[in-house]
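This is what each chain is made of:
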Amino acid sequence: MKRWNGWGETSITNELPENAGVFLDTAIGATTPPKDAALADVVAAVPQSQLTEHPLINTDADMRLRHARGQSFPDWLALRSGSIEAFPDGVAFPQTDAQVKTLLDFAKEHDVKLIPYGGGTSVVGHINPEPGDRPILTMNLQRLNRMRRLDTASRLATFGAGVAGPNLEAQLRAKGYTLGHYPQSFEYSTLGGWIVTRSSGQQSRGYGRIEDLFAGGKLVAPAGELEMPPLPASAAGPDIREMVMGSEGRLGIVTEATVRVSQLPEKEVFHSVFFPDFEAGKTAVRQIVQADLPLSMLRLSTGIETETTLKLAGHERLISTLERLLR
Ligand SMILES: Cc1cc2nc3c(=O)[nH]c(=O)nc-3n(C[C@H](O)[C@H](O)[C@H](O)COP(=O)(O)OP(=O)(O)OC[C@H]3O[C@@H](n4cnc5c(N)ncnc54)[C@H](O)[C@@H]3O)c2cc1C
């Protein structure tokens, strides 16, 4: 189960290596971590729902708490301390496009604010309810998660837009394809979320950003439905898909998306190279880009990021070898 007050699954816990603790103490000073709020106490403080009952809407306090904040640092502080200002009044998990429309109609009829919710990995407050008088409904799209069509001739795959990264890749890989879109939030973020936030991934250099991968789809809005056929190109006016990308849920719900997929590579190889300083790394990256080498990923970390990553992963011997060789 996903943690209610931070990133990751409750079944996976990584202990901090002892030396990493010493490293952090030296880097940021000794600290006394505040005591975490208990789940039961925070659930008990969730106010009564203001929503009219509806068979598709869950108003349990626990469910509403789990949809109250995203995954930014302020969100984590709020969750860990239990200081949460506002909660959705209910959460719905539509399983069909028709249920999405039913819920939009319900929201319109009862003057309810509606928040579309993909994986809830937003780091900019997108999905956090704000305090106010109107009831708030969060629409979690995770049950729209099946591959609906795969056109192998055109290499186009159509999915329910609530599909999360690992599930999307598993369905494609079973057929020999990949989307190749890996934002660092891949485990939980969804195809619809990627489209409406113009997401980019670790391998976007090779496979393209979501703008290059999003070919078409369907948007369900209070006023009706918008079909966006996966046309390769058109000379007729503005491209409506551009309007949907980056719309952050304000125009309607993306229920279905067609994406350009690639055949699985025969082999993938990832290398790490260590440079004596950042300038040398920058020069190498510039030369690689200008030589147009067909890499899917190229990432340069600063010295402090590299050291922190290695220390937290407990790679003490590697660090001392690097210090010896690169000085
Ligand atoms: C640890 C971490 C690493 C991250 N790494 C990256 C990264 O490498 N690259 C990157 O681009 N971003 C990254 N992000 C930011 C975030 O993951 C992306 O913005 C992601 O695209 C959000 O997807 P989501 O499904 O979680 O959407 P949510 O967070 O649930 O929603 C984001 C916005 O999209 C709307 N929305 C979601 N689904 C739909 C839909 N189907 N229809 C209409 N509106 C919808 C919501 O209302 C909200 O406004 C990271 C975040 C974290 C916490």
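This is a predicted model, so every value here is computed, not measured. (Residues numbered from 1 in each chain as written. Predicted model: local features only at pLDDT ≥ 70, side-chain atom pairs only at ≥ 80, totals over all residues. Heavy atoms only, no water.)

Undergrad: Give me the lowdown on helix α6 (residues 165-173), citing residues and values where you can.
TA: Within the sequence span of α6, burial applies to Gly165, Leu168, Glu169, Gln171 and Leu172. Buried residues of α6, viewed axially, fall in a sector of 160 degrees; they line one side. Elements that come into contact with the buried residues of α6 comprise β5 (147-151), β6 (156-160), β7 (177-178) and α7 (191-196). (Buried < 20%, exposed > 50% of the residue type's maximum accessible area, 1.4 Å probe, protein only. Helix = DSSP H or I, 4+ residues; strand = E, 2+ residues; numbered from the N terminus. Arc of directions from axis to C-beta. Contact = heavy atoms within 4.5 Å.)

Undergrad: Give me the site of the ligand: which residues, what numbers.
TA: With respect to spatial proximity, 30 residues lie near the ligand, and among them Pro116, Gly118, Thr121, Ser185 and Thr190 are the closest. Interatomic distance of 2.8 Å between a backbone N/O atom of Gly120 and an oxygen atom of the ligand. Protein chains bury 87% of the 960 Å² of accessible surface belonging to the ligand in isolation. Of all elements in the fold, only β3 (113-117), α7 and β10 (253-260) reach the threshold of two or more residues within the shell around the ligand. The biggest single contributor to the shell around the ligand is α7, with 4 residues. The residue inventory of the shell around the ligand, partitioned by class, reads 11 nonpolar, 18 polar and 1 charged. (Near = heavy atom within 4 Å. Polar contact = N/O pair within 3.5 Å; in protein donor to acceptor, adjacent residues only side chain to side chain. Areas by Shrake-Rupley, 256 points an atom, 1.4 Å probe, with all protein chains shown as cover. Nonpolar A, V, L, I, M, F, W, Y, C, P; charged D, E, K, R; others polar.)

Undergrad: Pulling in residues and values, what's your account of the sheet that holds strand β2 (residues 90-92)?
TA: Spatially, β1-β2-β4-β3 is the arrangement adopted by the 4 strands of the open sheet, whose pairing is mixed. Single-partner strands in this sheet number two, and they are β1 (57-58) and β3. When β1 meets β2, the two strands line up antiparallel, connected through 2 bridges. By the bridge assignment for β2, Asn58 is matched with Val91. (Pairing = 2+ DSSP bridges.)

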